[in-house]
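Structural features, examined
One-letter residues, chain by chain:
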Amino acid sequence: MFDGIQQSFSVSSFRVGRGAPLFLIAGPCVIESEEHCTKLAKQLKEIAASVGINWIFKASFDKANRTSIRSFRGPGLAQGLKILAGVKREVGVPVLSDVHQPDQVDSAAQVLDVIQIPAFLCRQTDLIVAAAGSGRPLNVKKGQFLAPWDARNILEKAVSAGCEKVLLTERGASFGYNNLVVDFKSLPILRRFGAPVVFDATHSVQLPGGAGASSGGQADFIPYLARAAAAVGADGLFVEVHDDPAAALSDGANALPLEELPGLLEDVLAIDAIVRG
């Protein structure tokens, strides 16, 4: 256990972590429009309610680490936070998004229930310290270049800034060029630090830069990895979903089609019940 880290804590009206039910982080990779974001959030709320899972809505206001300069990045900080605030108010769901620079944190903390640190930035000390000082829980995506035991250094940085509420998310490890592989030993190793552990089932099937000017993906493997994570004992599941992945403006190749989410959640929850029982 890492001193100062809470094993469970509240996000909005529910608890996450040890002793709490499996929870879900889900939404589109990027905010494509206010209409699309709100529509998808409402659909996800219905799905989450139908299977009985606590849920956090995720969408990025800026994808600052896209492969190509020509790739769609999102509406930006001000407009993106306005849209997420509308989703939070209209749909009644906690919201999560990424920050990429320390000077984005104050504005983000006024809207977001959870601030996310992208995998590529998980070693950026100034960013982690600024986000940790915001008073909001953090979700730190473990970099695909990090060993699971290296996540201890991330927690040390967060605790140094007064943050005790940190989620650690596993999203696969680099395996040669343009490929990722998931070592499921990572989940119990991460859990030893005490922080709740989330498994990102969609970025784990990404093929970074695999399409030349964009990333590819193998979305058909998402259900297999999600079920495996539940069997290993994840505290939460992260899934990027889209109602039309082929037309998605970011990461469509590794997004789960929206219509497949209910069945996947039913499977994952059934496995989780066996593990917890």
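A quick note: this is a predicted structure, and the numbers were derived from the prediction, not measured.

Calculation notes
Residues numbered from 1 in each chain as written. Predicted model: local features only at pLDDT ≥ 70, side-chain atom pairs only at ≥ 80, totals over all residues. Heavy atoms only, no water. Salt bridge = Lys/Arg side-chain N within 4 Å of Asp/Glu carboxyl O. Helix = DSSP H or I, 4+ residues; strand = E, 2+ residues; numbered from the N terminus. Buried < 20%, exposed > 50% of the residue type's maximum accessible area, 1.4 Å probe, protein only. Patch = residues over 30% accessible without salt bridge, like charges linked within 9 Å, V, L, I, M, F, W, Y side chains within 5 Å. Areas by Shrake-Rupley, 256 points an atom, 1.4 Å probe, with all protein chains shown as cover. Lys, Arg positive; Asp, Glu negative; His and termini not counted. Charge placed at Lys NZ, Arg CZ, Asp CG, Glu CD. Expected span 1.5 Å × (residues − 1). Contact = heavy atoms within 4.5 Å. Pairing = 2+ DSSP bridges. Phe/Tyr/Trp six-rings, centres within 6.5 Å; stacked < 30°, edge-to-face > 60°. Lys NZ or Arg CZ within 6 Å of the ring centre and 35° of its normal. Core = buried A, V, L, I, M, F, W, Y, C linked by side-chain atoms within 4.5 Å. Axes fitted to C-alpha atoms, helices over the stretch in contact; angles between N-to-C directions. Parallel < 35°, antiparallel > 145°, perpendicular 65-115°, else oblique. Left-handed = near helix turned anticlockwise from the far one by under 90°. Nonpolar A, V, L, I, M, F, W, Y, C, P; charged D, E, K, R; others polar.

Right, let's talk about the pattern of salt bridges for a bit. Following the criterion strictly, the structure yields 11 salt bridges and no others. For the salt bridge of K142 with E170, the shortest nitrogen-to-oxygen distance reads 3.3 Å. Taken as a pair, K142 in the loop between β7 (138-141) and α5 (151-160) and E170 in strand β8 (residues 166-170) lie far apart in primary sequence, 28 residues in all. We classify E170 as buried; its relative accessible area is 3%. Each of the salt bridges in this network shares a partner with another, and the network as a whole consists of R18, R191 and D235.

With that out of the way, let us pick up a negative patch on the surface. Negative charge collects at one region of the surface, where D243, D244, E259 and E260 lie side by side. Position of E260 relative to the elements: it lies in the loop between β15 (256-257) and α8 (261-276). Residue classification places E260 among the partly exposed positions, given a relative accessible area of 41%.

A few words on helix α2 (residues 77-91). Its 15 residues place the ends of α2 21 Å apart at the C-alpha level, agreeing with the 21 Å of an ideal helix rising 1.5 Å per residue. Of all the residues in α2, the buried ones are G80, L81, I83, L84, G86, V87 and V91. Its buried side turned inward, α2 meets α1 (34-51), β4 (54-58), β5 (95-98) and α3 (105-109). In the stretch just after α2, G92 is the one whose phi turns positive, near 75°.

Moving on to the pairing of β8. Taken across its 5 residues, β8 has 5 buried, putting it largely inside the fold. By the alternation rule, side chains of β8 split into V166, L168 and E170 and L167 and T169, which are all buried. In terms of strand pairing, β7 meets β8 through 4 bridges, oriented parallel. By the bridge assignment, V140 is partnered in β8 with L168.

Let's shift gears to the packing of aromatic side chains. Evaluated as defined, the whole model comprises 3 aromatic pairs. Here F184 and F199 contribute two aromatic rings whose centre-to-centre distance is 5.5 Å and whose plane-to-plane angle is 40°, an arrangement assigned as tilted. Of this pair, F184 sits in the loop between β10 (180-181) and α6 (186-191) while F199 sits in strand β11 (residues 197-200), placing them 15 residues apart in sequence. The class of F199 is buried, set by a relative accessible area of 0%. The interplanar angle of 50° and the centroid separation of 6.3 Å between the aromatic rings of F221 and Y224 together place this pair among those described as tilted. Residue classification places Y224 among the exposed positions, given a relative accessible area of 52%. The ring of F238 has K141 sitting right over it, with the charged end atom 4.4 Å from the ring centre. Over the ring of Y224 we find R227, and its NZ or CZ is 5.2 Å from the ring centre.

A few words now on unusual backbone geometry. Of note in the backbone geometry, N178 takes a positive phi value of approximately 55° without being a glycine. Within the secondary structure, N178 sits in the loop between β9 (173-174) and β10. Located in the positive-phi region is D251, a residue other than glycine, with phi close to 55°. As for its placement among the helices and strands, D251 is situated in the loop between β14 (236-242) and β15.

In this structure, L44, W55, F57, L168, F199 and L237 are the most contacted members of the largest nonpolar core, which totals 74 residues. Broken down by element, this core gets its largest block of residues, 7 residues, from α1. For W55, the contacting residues outside a window of four places in its chain are F14, L24, A26, A41, L44, K45, A48, V93 and P94.

Before going further, it helps to examine the environment of I47. Summarising the element assignment, I47 is placed in helix α1. Residue I47 is classed as buried on the basis of its relative accessible area of 11%. Here the alpha-carbon distance between I47 and C29, two residues 18 residues apart in the chain, equals 18 Å.

Okay, the packing of helix α4 (residues 125-132) against α5 next. Here α4 crosses α5 at 50°, and the two axes come no closer than 8 Å. Our classification of the angle between α4 and α5 gives oblique. Handedness of the crossing formed by α4 with α5: right-handed. Across the interface between the two elements, T125, I128, V129 and A132 from α4 touch I154, K157, A158 and S160 from α5. Each residue belonging to the contact of α4 with α5 can be placed in one class, and the counts come to 5 nonpolar, 2 polar and 1 charged.

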